[in-house]
Each structure stands twice: as C-alpha cells, then as structure tokens.
Amino acid sequence: MATTPSTSPRRLLPLSLGLFQAALLLFFTLFITYDEPSAQAEDANSVANHLYSIFPFFQDIQVMLVVGLGLLLTFLPRYGLSVLTHNFLLLNFSMQWAMLLQGLLHHFHHGQVHLGLRNILTAEFAAVTVLISTGAILGRTNPCQLLVMATCEVPIYLTSEWAIITYLGVLDVGGTITIHVFSCYFGLGVSKALFRAAQQPVHPKETPTPRSDLMALVGMLILWVFWPSFVAVLCQPGDAQHRAILNTLLAMSASAVTTVVASSLMERDGKLSPGHLQNGSLAGGVAIGAVADMAVAPVAALALGSLSAVICLLGFRFLTPLLARKVSLQDQCGIHNLHGLPGILGAAASAVAILVVPDVTAGYHFSATGGNATEEVVMGQFGGRGAGWQALCQAMGLVGAGGGSLLAGLLTGAALRLPCLALPPQRLCFDDSLYFKVQDEAESTGMGGTSEERALAMKEQV
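Residues numbered from 1 in each chain as written. Predicted model: local features only at pLDDT ≥ 70, side-chain atom pairs only at ≥ 80, totals over all residues. Heavy atoms only, no water.

## Things to note about the state of the cysteines
Then comes step 1: Scanning the entire structure with this criterion turns up zero disulfides.
Then comes step 2: Not engaged in a disulfide, the cysteine Cys420 finds its nearest cysteine sulfur in Cys144; these two sulfurs lie 8.3 Å apart.
Then comes step 3: You can call Cys420 partly exposed: its relative accessible area is 36%. (Disulfide = S-S within 2.5 Å. Buried < 20%, exposed > 50% of the residue type's maximum accessible area, 1.4 Å probe, protein only.)

Structure (structure tokens):
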C-alpha cells in the first residue's frame, strides 16, 4: 500500500513526456520553419552581427541554468541526482512548451512560425520561472507534479509578462518583477495549496552536509560569474547594455561582500553560514534587474546590492521560520528570501530612480513573450508619460506580478493534489533511490534508515 502513491506517477511520467514530444514533433512538422536567408549582403551582415552579439550571452545563460542552478540546488545531500535531472528536464520541457505557445501567439504568420535564436532565448526566460518556482516544493514532490506545474505556469507567465511589459509599460530589463517576483510567489502559492495547513516537519535527509554545501557553493559561483549576461541580454546593444553589465557587476560584488559581513555578524561564533553565501551573494543580481539599464549613479548599484543581501539573510534568519510557524508555509530552497524580497526591493528602487532622476535614460529591451519591444525612454519621456505615472506603473506591475502569480499558484497547487499525482511517501522524500537506480542501495538509504524504508525503496525500483 505504501508504494501506491509513487507507482502511478512513475508510469505516467514516460507516457506524458512521450505524448508531449510526439505532439511537438507534429507541430514542428506542420508549422515551424527557420527564418528565410537574407538575399542582400547588407541584411546578411546585419543578421550575422545580431547573432554574434546575442549568442555569447545565450551561451552564458545556458551554463547558468543547466550547470549553475542545478548545482546550487544540490545542497540536499541525498537528492543530487534528482535535482540535476529534474532541473534539466524542466528546462527543456518548459522551453519547448513556451516556444510552441509563443509561436502561436506572436510569430504565426501565413500558416508558419519562423524560428530564430531569439525565440529560443525568450522561451528560456519562461523556463526560468518554472525552475525558480519549483524551489519551494523541491524534494517533496514527484516529477509528474513538476511537469503539470510547468504546464500551468508557462502560459500564465507569458500572459503576466505581456500585461506588465507591453500593456503597463513597466521597465524591467533584467526580469526583477516579471521573472523573480512572479516565480517566487507562484511557487509559494503552489506550496501553500499543495501542503495546505500541515506544517512539514524537518526531514532528516534535508540537512546539508559539507560536501553538498560545497557543490551548492560551486553552483553559486557559476551563477555569480554569468549573471550579468542574464540581465543584459535583452538590452539594446550600446550604452544601455553597457550600463546593465556594469550595474549588475557592482550590485553583485557589493552583495557578495555584504553577505560575508552580515553572515558573520548573525552567527554567535562569527563563523560563516554556507547557506547565506549561496543565496545572499546572488541577491544583488535579482534586485538590480529593474534598474540595470537606467542611468543611475554607480553608488546606487552598490547600495542596492548591499541592501538586497542584508534583506535576503534577514529573511532566512527571521522571516522563513515565522512564515512556517504562523501560516505553515513551506519554502524548501528559500526562494522568498532570494527572489521575492530582493525582487520587491528592486521594483521599489526602480520607482524611486524614476522619480529622483526623471531624465534617466533606458534603451529598448524586448518583451520576453516575443512580442513588440517596449517603448524607448529618453530624457524623461517614458513612452509619452510623466515620471510620476511611470513610477506608479512600476508599483502596479509589482502588485500584479506578486498578487496574480500567488493566486495562480494556489490554483495550480490545488490541481497537484489530484489522486493520480499523489505525493511521494514522506520517508522517501529527498532521496535519489525513489527515482534512480543506485548501485549501493543500503548506502543510498543512508545511516539510520530502517529496514522498512530500504524495502520501500527497493520496491519503488521494481
């Protein structure tokens, strides 16, 4: 009886993935084609220059998502295989699903969808939201639940991003509001609805070890190095992109130094917390996204990076335990502290920057849905708006992203409670042996594992 909840999703996983890939193959056969080659030399040179300007950023983002983010999540010592595999699977599944939806909504002309590198890049931005959101429920769900969550989240994100960027005209070149805030509260909504009012006890297998912390720290370093590419890739090449790279580097450098200071001060013995380093050092990159391409003073980027790191660490120390105790909110990876709180800070900073420096200049940046570019902001003319109205739009975008994603997450979490998507057995959470063939099963089930637990794990592999 104990194996029943996990057996059905396991058989459902290859079936659902196979049907999805078959449907995608049919869609590509009927509707997808590449952009037509340029006939004129000038056009060909323009296309080549655009490719050479965007592809290095694209490669950096690939490394971030596949390697950096995957390793960052390996702080769970006995869930590393699952984390890396699920992260890789969700990235590819969500990217293909987003390409299909974007093609139908924005690039369907004369019965064909023209595919280019930018289509894949913007689809990956949609996949990022899924990878962040799953951090709230990591280790306590099965792969089928994660795929259903991705299926629901991608179209909701595309709708939200269109409403915030294209309709409201919010300035958010680095995805502070549209990606980080949205994905954070979507994930928290899913977690709340999925686990309801039951506070999840601390699982013996979720305590990090020095080795797992080291792997997660390596993942953080990879993300830290390539983060400026993530923020600047959609900026107009030139001054705006240059500013975005510089502001991101300053903010992340400040957040790294501040994290070391704050972590040492928060611990009674003055030692550093690996969890603080893994998250606080990245908080500056989250917060700076909304103002990265604006002509703010360098000291503003440094201050924003430092403040975001402090807020992130305070969230881990005080807010996460408070939310778990008061509202039974499960946030396994602390996405509220890394993405939610710095995201809110960055959105507020963008509104303040617009009001304080009304002649702030921003270049074109493209909507991640693949739609039209947002309007250029030059010399206080925010698409024909005043600075006060643009600041109000920034605030409305923040409220819309947070509130809308939270509601959508609650509905998605309720759907994940369907009987065919039952949660894995509590004693087998955070364990690779539930989904992978491990050579030494006794070692995999670990120290202190009972004979009943090992028997359950063995049955799960049959």
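Following the structure, the description resumes.
## Concerning the sheet that holds strand β1 (residues 32–34)
Then comes step 1: Ordered by their spatial adjacency, three strands build an open sheet running β1-β3-β2, and the pairing between neighbours is mixed. Every interior strand has two partners, whereas the edge strands, β1 and β2 (108–109), have only one.
Then comes step 2: Inspection of the sheet shows β2 paired to strand β3 (residues 112–115) by two bridges, in the antiparallel sense. Its bridge partner lying in β3, His109 is registered against Gln112. (Pairing = 2+ DSSP bridges. Helix = DSSP H or I, 4+ residues; strand = E, 2+ residues; numbered from the N terminus.)

## What about helix α4 (residues 117–133)?
Then comes step 1: Across its 17 residues, α4 extends 25 Å between first and last C-alpha, which sits within 8% of the 24 Å expected from 1.5 Å per residue.
Then comes step 2: Of all 17 residues that make up α4, 14 are buried, and the element is covered over most of its length. (Expected span 1.5 Å × (residues − 1).)

## A closer look at the packing of helix α5 (residues 143–167) against helix α12 (residues 387–415)
Two packed helices can be described by the angle between their axes and the distance between those axes.
Then comes step 1: For the pair α5 and α12, the least separation of the axes is 11 Å and the interaxial angle reads 160 degrees. What the angle tells us is that α5 and α12 run roughly antiparallel. In the packing of α5 onto α12, the handedness of the crossing is right-handed. Residues Met149, Cys152, Ile156, Ser160 and Ile164 of α5 form the contact with α12, whose participating residues are Gly397, Ala401, Ala408 and Thr412. (Axes fitted to C-alpha atoms, helices over the stretch in contact; angles between N-to-C directions. Parallel < 35°, antiparallel > 145°, perpendicular 65-115°, else oblique. Left-handed = near helix turned anticlockwise from the far one by under 90°. Contact = heavy atoms within 4.5 Å.)

## Considerations on the nonpolar core
In summary, soluble globular proteins display a tendency toward joint burial of nonpolar side chains.
Then comes step 1: Core analysis: the biggest nonpolar cluster contains 109 residues, and Phe125 and Trp227 have the highest contact counts within it.
Then comes step 2: Of the residues forming this core, the biggest block, 11 residues, is contributed by helix α6 (residues 176–195). (Core = buried A, V, L, I, M, F, W, Y, C linked by side-chain atoms within 4.5 Å.)

## Re the pattern of salt bridges
Then comes step 1: Tallying each qualifying case throughout the model produces three salt bridges.
Then comes step 2: Close ionic contact of Arg140 with Glu206 constitutes a salt bridge, the shortest N to O distance being 3.2 Å. Residue Arg140 is located in the loop between α4 and α5, and its partner Glu206 is located in the loop between α6 and α7 (210–232); the two are separated by 66 residues in the primary sequence.
Then comes step 3: Relative accessible area serves as the criterion here: at 2%, Arg140 is assigned to the buried category.
Then comes step 4: A residue is classified by how much of its surface remains accessible, and Glu206, at 15% relative accessible area, is buried.
Then comes step 5: The shortest N-O distance in the salt bridge between Lys205 and Asp431 comes to 2.8 Å. With Lys205 in the loop between α6 and α7 and Asp431 in the loop between α12 and α13 (441–445), this residue pair connects regions lying 226 residues apart in the sequence.
Then comes step 6: Judged by relative accessible area, which is 5%, Lys205 ranks as buried.
Then comes step 7: Because the salt bridges share partners, they merge into one network encompassing Arg78, Lys205 and Asp431. (Salt bridge = Lys/Arg side-chain N within 4 Å of Asp/Glu carboxyl O.)

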